[in-house]
Amino acid sequence: MGKEWEAFMKKVAIKLENCYGIKKFKKEFDFSDKAAFIIYASNGSMKTSFTKTLKDISKGESPKEEVFGRESTYTIENENSEPIKPEEIFVIESYDADFYSKRMSNLLMNKILQEKYNLVTQDILDRKNEFLASVKAIVGSKVSVEEECLQAFSSSNFLDTLAKLIDSDILTTEDSGLDFSKIDYSSLFDSKVEAFVKDDKNYRLLAEYGSQYDTLVENSTFLKKGTFSQYNATTVNSTLDDNGFFKAGHEILLQDGAHIKSSDDFEKMLQEEKKKILSDPKLLKRFDQIDKKLSANASLRNFRIIIETYPELITKLVSYESFKRKSWIGILKNQVSEVSTLVELYKKTQEEIKKIQDEAQKESARWRQVVDIFSNRFFVPFIVEISNQEDVVLKNSVPTLSFRYKERDEEQEIDRSKLNTILSGGERRALYLLNIIFEMEALKEDNKKMLIVADDIAESFDYKNKYAIIEYLMEHYSCGLFNLIILTHNFDFYRTVGSRMLNSNRKHCVMAIKNEEEILVKDGQYLKNVFTSWKERFEKNDTILIASIPFIRNIVEYIDSEDAPDYLLLTKLLHMINYSDGKTTKEISLEDLEKVINDVWKTNKSISTNRKDKTVYSLIIDVADKISSSPEVDEIALENKIALSMGIRLIAEEFMIQQITDDCGTDDKIKEIDSNQTGKLLSLYKQCAGTNKDMLPILEEVSLMTAENIHLNSFMYEPLIDVSVLQLKKLYGVLAPLNSEAEI
């Protein structure tokens, strides 16, 4: 039978030294049989450092050791001892609010549609660029023609704007009458000039000047407001002279009967009229007020030169937007033939472009599948869409996600930044996961082979969403493109991934152990119900026998009650009880325990052969002594930690009972304790004046550590797995001398 999975790489060897919090890490991940590993690592052991290191490498950067500045070294190689390239590594951090899938657009791209669109639009684009270049030749190379024109007409589509102007008969539309081959566009419509003109005080000065100027022009026999300005006169004279009008012997008869026989006569009359107007005292005063403000910067000084030459422009600038729009109408009128040709071509292509755009709007099948993957599996209060789908499909634009927040029958569109503020921690992580899904689906779409490292991807999720993640990972596990290394500190997630994805294979469900020198990676344990194994082994293994006591007591509690005789007897093995009905803690024998175990577990095993009179208490101390004195102890084994915890608590409680009794002269207060004995003994110990207060830190540590480590069941023993057996050995080593029965 062939392999169930096929991995991108058969093996990945990772060797790290002095990479963030990792002193040393060396592991060969063998993906020959399965394309994924899950690493259980308690908080603070290696998870974040491992992820940061791989993240740096994926970006082509070197990891660091940030505390002591030690030199970092690393190698990541495949089965052929070839370095894995940075672009072949994708790191999924536990959470990154700013992560955005750069490959998302690949799910919407349609190369055939893009080619059709480019082919249709290329000719119009070329003609448009030619036209823009011709306008630049008039208004100046530094002017952004399209942007300025769109701004003037408050539009967003340049070709649409041109089409509307042609359709409305641009030749009959009023313009500014300016020739921008003679007037510098950039100086007239500079942003600083616009700000100057729109300033309230300046606006009033300009309006007053304009009003006075118009009055003077109205009284002129040569110029006429709105019809024949100084600028118009200059243009007429120049045109007539250029075309040989006066050289041909022609004359101009003015309204007042005067004759103009030459260009010089024309210019002389114009200057005299200009002088008459501009020398008006009131007008001069107005201009001086304006002039004083026009030396602030180079832009305003350039502007001053223009209005000094053409003062009538001041009256036009009062209506700035209208003046700018009329100026562009004039510019386009002068290019009306080219504009008409461009608009005609644009209209011809519109129908075909519209068909392609309609197709682009439908081009969401792959992207929609990804959204469906997310929406159908993960429970979140928002709907996601792409608002610029057409541009993504046809123009390779970056996708813009839009969100609609749902609450019962109501929906409200909301931007991502605000969405982040109203979502719960788990929902924000789900939003982050959506981008991860986009990235992974795009990698699949592009047939990219990757080493994927995922750090606590299920953190803060409820059970429904945790299982949804596992389901999603399983699909990628089998695609043949990816090698997965999943890290977690959540033991339940570790076991579930191990069971559902990896068939509880201990070689692929591994555990990271941190010691002073390095990170060790060991085969996984406790992937299945540990107590099933203990039930078979307790008869021949005293450590497992002792460790089974808390679990058996839980079973008695479930099937009977806390008042059941068996429950009370087993409780005496977890707490030092020197009074009550029946035997005390130190009097319970192995034969007594044997009867309870066989009754609860429905077995017929013997643990008391040749030691019927040996007490369970003495066996607990024997086992704890043995573990404590052993130079090498399995750091993961639950039974070692539970047995040590039981020994620690019993010795500590006996010590506190003796100290309290000696100080009070009686044990009456101790006899009143009916629950939470360790904590209440510690409170009494603190209250008594004569107890040894130097021992308080040790006793508080006992109270903190042993409660979680002893009261366990088949579902909740993760806290105990995280506890270091070295910590427990150290604590037991301090307490052991206090016990008269301990072998020192």
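Residues numbered from 1 in each chain as written. Predicted model: local features only at pLDDT ≥ 70, side-chain atom pairs only at ≥ 80, totals over all residues. Heavy atoms only, no water.

> Please give an account of the packing of helix α22 (residues 542-559) against helix α24 (residues 590-601) that cites residues and values.
Between α22 and α24, the shortest axis-to-axis distance is 11 Å and the interhelical angle comes to 50°. When the axes of α22 and α24 are compared, the pair comes out oblique. Seen from above, α22 lies across α24 with left-handed handedness. Contacts between α22 and α24 pair Leu 545, Ser 548, Ile 549, Phe 551, Ile 552, Ile 555 and Val 556 from the former with Leu 590, Leu 593, Ile 597, Val 600 and Trp 601 from the latter. Looking at the contact of α22 with α24, its residues break down into 11 nonpolar, one polar and no charged. (Axes fitted to C-alpha atoms, helices over the stretch in contact; angles between N-to-C directions. Helix = DSSP H or I, 4+ residues; strand = E, 2+ residues; numbered from the N terminus. Parallel < 35°, antiparallel > 145°, perpendicular 65-115°, else oblique. Left-handed = near helix turned anticlockwise from the far one by under 90°. Contact = heavy atoms within 4.5 Å. Nonpolar A, V, L, I, M, F, W, Y, C, P; charged D, E, K, R; others polar.)

> Which residues make up the packing of helix α25 (residues 616-629) against helix α26 (residues 638-664), and what values do they have?
Interaxial distance between α25 and α26 falls to 9 Å at its minimum, and their mutual angle equals 120°. On the basis of their axis angle, the class for α25 and α26 is oblique. As α25 runs across α26, the sense of the crossing is left-handed. Facing α25, whose interface residues are Tyr 617, Ile 620, Ile 621, Val 623, Ala 624, Ile 627 and Ser 628, α26 presents Asn 640, Ala 643, Leu 644, Met 646, Gly 647, Leu 650, Ile 651 and Glu 654. When the residues that make up the contact of α25 with α26 are grouped by side-chain class, the tally is 11 nonpolar, three polar and one charged.

> I'd like a rundown of the pattern of salt bridges, residues and numbers included.
Under the criterion given, the structure shown has 23 salt bridges. The salt bridge involving Lys 333 is made with Asp 175; its shortest N-O contact spans 2.7 Å. Pair noted here: Lys 333 is in helix α13 (residues 320-333) and Asp 175 is in the loop between α4 (158-167) and α5 (185-188), with a separation of 158 residues, a long-range link. Across the pair Asp 542 and Arg 611 runs a salt bridge, and its minimum N-O distance is 2.8 Å. Of the two residues, Asp 542 is situated in helix α22 and Arg 611 in the loop between α24 and α25; the sequence distance between them amounts to 69 residues. The exposure class assigned to Arg 611 is partly exposed, which follows from its relative accessible area of 22%. Salt bridges linked by common partners bring Lys 47, Asp 455 and Asp 456 together as one network. (Salt bridge = Lys/Arg side-chain N within 4 Å of Asp/Glu carboxyl O. Buried < 20%, exposed > 50% of the residue type's maximum accessible area, 1.4 Å probe, protein only.)

> Describe unusual backbone geometry, naming the residues involved and giving the relevant values.
The residue Asp 169 is not glycine, and still its phi comes out positive at about 60°. With a phi angle near 50°, Asn 503 is a residue other than glycine that sits in the positive phi range. Relative to the helices and strands, Asn 503 resides in the loop between α20 (491-502) and β13 (509-514).

> Which residues make up the pairing of β13, and what are the values?
Look at any regular strand and the pattern is simple: side chains alternate between the two faces of the sheet. Counted residue by residue, β13 has five buried out of six residues, so it is predominantly covered. Note: strand β3 (residues 36-40) against β13, three bridges, orientation parallel. Looking across to β13, one finds that Ile 39 is bridged to Val 510. What sits between the antiparallel neighbours β13 and strand β14 (residues 519-523) is a turn of four residues. (Pairing = 2+ DSSP bridges.)

> Now, about the side chain of Thr 349: what can you tell me, with residues and values included?
Tracing the chain through its elements places Thr 349 in helix α14 (residues 336-362). By relative accessible area, Thr 349 is classed as buried at 12%.

> Provide a residue-level description of the packing of aromatic side chains, including the pertinent values.
Counted by the stated rule, this structure contains 21 aromatic pairs. Here the aromatic rings of Tyr 185 and Trp 328 are separated by 5.7 Å at their centres, their planes lie at 70°, and the arrangement is edge-to-face. Note that Tyr 185 is positioned in helix α5 and Trp 328 in helix α13, a separation of 143 residues in sequence. When sorted by exposure, Tyr 185 lands in the same class as Trp 328, which is buried. The rings of Phe 180, Tyr 185, Phe 189, Tyr 320, Phe 323 and Trp 328 are connected pair by pair, giving a single aromatic cluster. Against the face of Phe 29 rests Lys 27, its NZ or CZ located 5.8 Å from the ring centre. (Phe/Tyr/Trp six-rings, centres within 6.5 Å; stacked < 30°, edge-to-face > 60°. Lys NZ or Arg CZ within 6 Å of the ring centre and 35° of its normal.)

> Report on helix α11 (residues 298-309), specifying residues and quantitative values.
In this model, α11 (12 residues) spans 17 Å end to end at C-alpha, consistent with the 16 Å of a helix rising 1.5 Å per residue. Listed as buried for α11 are Ser 299, Leu 300, Phe 303, Ile 306 and Ile 307. Down the axis of α11, the smallest arc covering the buried residues is 110°, so these residues share one side. (Expected span 1.5 Å × (residues − 1). Arc of directions from axis to C-beta.)

> Pulling in residues and values, what's your account of the side chain of Thr 543?
Looking at the secondary structure, you find Thr 543 in helix α22. When residues no more than four places from it in sequence are discounted, the contact partners of Thr 543 are Val 623, Ile 627, Glu 639, Asn 640 and Ala 643.

> Would you mind going over helix α6 (residues 191-198) in detail, with residue names and values included?
Of the positions making up α6, those classed as buried are Val 193, Phe 196 and Val 197. Burial along α6 is one-sided: seen end-on, the buried residues are contained in an arc of 95°. Those residues of α6 that are exposed and angled more than 90 degrees off the buried face are Ser 191 and Ala 195. One side-chain oxygen of the residue at the start of α6 lies 2.7 Å from the amide nitrogen of Lys 192, identifying that residue as Asp 190. (Polar contact = N/O pair within 3.5 Å; in protein donor to acceptor, adjacent residues only side chain to side chain.)

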